[in-house]
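# Architecture and fold: a report
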Amino acid sequence: MGSKLPTTASLVRLCQKLNRVKTLEDDLMETSLKRCLSTLDLTLLGVGGMVGSGLYVLTGTVAKEIAGPAVLISFIIAGFASLLAALCYAEFGARVPKTGSAYMFTYVSVGEIWAFLIGWNVILEYMIGGAAVARAWSGYLDSIFDHKIKNFTESHVGTWNVQFLAHYPDFLAAGILLFATAFISFGVRVSSWLNHIFAAISMGIIVFILIFGFILAEPKNWSAEYGGFAPFGWSGIMSGTATCFYAFVGFDVIASSSEEARNPQKSIPIATAVSLGIATSAYILVSTVLTLMVPWNTLIPDSALSDAFFRRGYSWAGFIVAAGSICAMNTVLLSNLFSLPRIVYAMAEDGLFFQFFSKVNPITKVPVIAIVVFGTLMAFLALIFDLEALVQFLSIGTLLAYTFVAASIIVLRFQQEKTEPPNAADQEQSPQHQEPGVGAERIGGEELKEYESFSDKLQLVETQKKAKDRRETGHLKAAFEPYLKFLSDFYPGEVVTISVVMMMVFATCMCSILVFGNNQLHLPKWCFYLLIIIFLIGYLCSLFLIWVHEQQKKTTTFQVPLVPLIPSVSILLNIYLMLKLNYMTWVRFSIWLAVGLIVYFGYGIWHSKENLRGPKSHGVTARYVVFPNSCLEETVQQIQPNIQDAMGRAEMTDEEIIKR
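Residues numbered from 1 in each chain as written. Predicted model: local features only at pLDDT ≥ 70, side-chain atom pairs only at ≥ 80, totals over all residues. Heavy atoms only, no water.

## Quick look at the nonpolar core
Across soluble globular proteins, nonpolar side chains show a tendency to be buried alongside one another. If you look at the biggest cluster of nonpolar residues, it comprises 166 residues, and the most contacted ones within it are Tyr56, Tyr89 and Phe353. Among the elements that make up this core, the one with the highest residue count is helix α6 (residues 112-144) (19 residues). Not counting residues up to four positions away in its chain, the partners in contact with Phe353 are Trp120, Val344, Met347, Ala348, Phe374, Val599 and Tyr603. Counting residues in hydrophobic clusters, the runner-up holds six residues, among them Phe480, Leu484, Leu487 and Val548. (Core = buried A, V, L, I, M, F, W, Y, C linked by side-chain atoms within 4.5 Å. Buried < 20%, exposed > 50% of the residue type's maximum accessible area, 1.4 Å probe, protein only. Helix = DSSP H or I, 4+ residues; strand = E, 2+ residues; numbered from the N terminus. Contact = heavy atoms within 4.5 Å.)

## Focus: unusual backbone geometry
For the peptide bond that leads from Val563 to Pro564, omega is 15°, which places it in the cis range. Note on placement: Pro564 falls in the loop between α20 (525-547) and α21 (565-579).

## Overview of the confidence of the model for the protein
Averaged over all residues, the pLDDT of the protein equals 80, while 81% of them reach at least 70. Across residues 616-636 the pLDDT falls below 50, and counting only partners more than four positions away or on other chains, this stretch makes 53 contacts in the model. (pLDDT = per-residue confidence, 0-100.)

## Digging into the packing of aromatic side chains
By the definition in use, this model includes 39 aromatic pairs. Centre to centre, the rings of Tyr89 and Tyr402 are 5.9 Å apart; their planes meet at 85°, and the pair counts as edge-to-face. Residue Tyr89 is found in helix α4 (residues 71-95), and its partner Tyr402 is found in helix α16 (residues 387-413); the two are separated by 313 residues along the sequence. Accessibility expressed as a relative area gives 2% for Tyr89, which makes it buried. (Phe/Tyr/Trp six-rings, centres within 6.5 Å; stacked < 30°, edge-to-face > 60°.)

## Considering the packing of α6 against helix α22 (residues 583-607)
One way to put it is that α6 packs onto α22 with a least axis distance of 10 Å and a crossing angle of 125°. Here α6 lies oblique to α22, going by the angle between them. With respect to the hand of their crossing, α6 and α22 are arranged in right-handed fashion. The segment α6 lies against α22, with Glu112, Ile113, Phe116, Leu117, Trp120, Asn121 and Leu124 engaging Phe589, Trp592, Leu593, Val595, Gly596, Leu597, Val599, Tyr600 and Ile605. Split into classes, the residues belonging to the contact of α6 with α22 amount to 13 nonpolar, two polar and one charged. (Axes fitted to C-alpha atoms, helices over the stretch in contact; angles between N-to-C directions. Parallel < 35°, antiparallel > 145°, perpendicular 65-115°, else oblique. Left-handed = near helix turned anticlockwise from the far one by under 90°. Nonpolar A, V, L, I, M, F, W, Y, C, P; charged D, E, K, R; others polar.)

## Some words on the side chain of Arg342
With respect to the helices and strands, the residue Arg342 is situated in helix α14 (residues 315-349). In terms of polar contacts, Arg342 uses its side chain to reach the side chain of Glu260, at 2.7 Å. In this structure the side chain of Arg342 is engaged in a polar contact, spanning 2.7 Å, whose partner is the backbone oxygen of Phe338. Filtering out sequence-adjacent residues up to four positions away, Arg342 remains in contact with Thr99, Gly100, Val188, Ser256, Glu260 and Val366. (Polar contact = N/O pair within 3.5 Å; in protein donor to acceptor, adjacent residues only side chain to side chain.)

## Some thoughts on the side chain of Thr153
Within the secondary structure layout, Thr153 lies in helix α7 (residues 148-156). Judged by relative accessible area, Thr153 falls into the buried class, the value being 9%. Once you skip the residues sitting within four places of it in the chain, Thr153 turns out to touch Gly158, Tyr168, Pro169 and Phe171.

## Looking at the environment of Ala81
Tracing the sequence through the fold places Ala81 in helix α4. Sequence spacing of Ala81 and Phe248 is 167 residues, and the spatial spacing of their C-alpha atoms is 9.8 Å. Look past the residues within four positions of Ala81 in its chain and what remains in contact with it is Phe245 and Leu573.

## A word on the environment of Ser239
Of note, Ser239 is situated in helix α10 (residues 233-248). Along the sequence, Ser239 and Val71 sit 168 residues apart, while their C-alpha atoms lie 10.0 Å from each other. Sequence-distant contacts of Ser239, defined by excluding residues within four places in its chain, comprise Ile66 and Lys580.

This is how it looks when you write it as structure tokens:
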């Protein structure tokens, strides 16, 4: 029996370490980076991050191989799911204006291990995204010169036939990444202005594509002669949607840049909404034009748009489109190279990743070491990996990050604000204002005036509590207490956290049945529908248990509407789309997660700054009464006869009152 107790205690301590949350500084606007980005800068960064290789390459790839002309439906659904996630990112970016994006949002609300895994996957997301864009950039430039670069490399360097690797090494893609890395190292203003130039040219050429493309459109290309509008059916549309998420990952750059924004509370939500709206419209319209210009089954994925104009006899237009694609891909390269080092910087600053990555150049105010190291790694990936393998691997990390950010929004909304007791220095500054037996009391973050006796203060507390129509954050709503009284025994926000976990479990089970129930599992129809109903009821019950608790009051910064509904729908959509991805994507993803866990348990858990702070309470607001040390014993004696009365009216325990 004695040997089991230390083991149990060790497990408890380990769980506390894994789930500790980040402590934010009092001044969230303080940073070693340079706050110089306006709303326009952030919007163009978002547009540049989304409208790039996805527009010029992904539309052709998904149309030919996955969804047909219904690729536009895939983009609509992917855009809608991205909007739900973007709203969550916008709220976090406004409330916590710190670099790190999904990693930071998860760290301040859910826990350290989950934050590290999300950050680890976001690093992979940006590395693969940049490498994929560089491969697409190289392919488009090569198409302008009739594939002479490819032919020269194959004949003079050689080829290889290895699964998931490219047919030949792409030195051009690696070179452009190293060149862009050098520009990013010069500072945020240089990279921002470079992004402005490329984004403006790209948007102008997209307008040209839409006008000229609709003139050349032939509705017969959607007819039954070529397989109809949705030749791969609904399954193809949803598989296309999962892949199309690659197109929208760029809005994450806005949240990643929040620590360098002048007014993040205002700029982050506006830039996120505007950039996502522009990008979604561009993808839907361009995919419509592309599949109407030429039959979808004849598209060339690597250079679909420019090739479509060449085949219609407008070679000059094909050159313009190819030039536009290169400009657009440059903005995505800049976006990925801009965001990736800042995620690494945030993790290193918190002690979860190697410390030297947190060093900021004193002149340019950017993390140069992180930029150079990960820019070089990105160039290596572009050198050897195939574009299609890179794109499929990218989507799963993005969807997982979206899922955790949505869950974090729910947890944060129903979590009480953390308040700290006044420090000793504050008490020493004004001792003359405190009489024996009298102190300042803070309840729910509001400081009460001093009164003559403790009984008067308790009466005031009771009066205020009765006057309140609304209970404190995380507590069960008064209207549901007669029916769900057993939920009142939990700590504020605890039921919500458990319900979020159960919601994700039920959503995963339900989506697994939807995706695999008929084909892989071969379930009978009655069993298929029964399981769907059971898991749907569990999902809705979890949502209901969250809803019956009080949320935080409205803040001055942007908040996601209809919480917990919108984040819960986002969670469901993201999980469904993750399960639609190829099984090999999951295998590669699992290997990357295993490597991440080795890094965390080998380095991060020991060097975490939160580890140095020691254990602390997780999201529970403290109620406390402060008394001068000189009269603490006298005060305890005075209030002892009233302890039972205090427990009934102020909802405090005997031990808490004596301790405070």
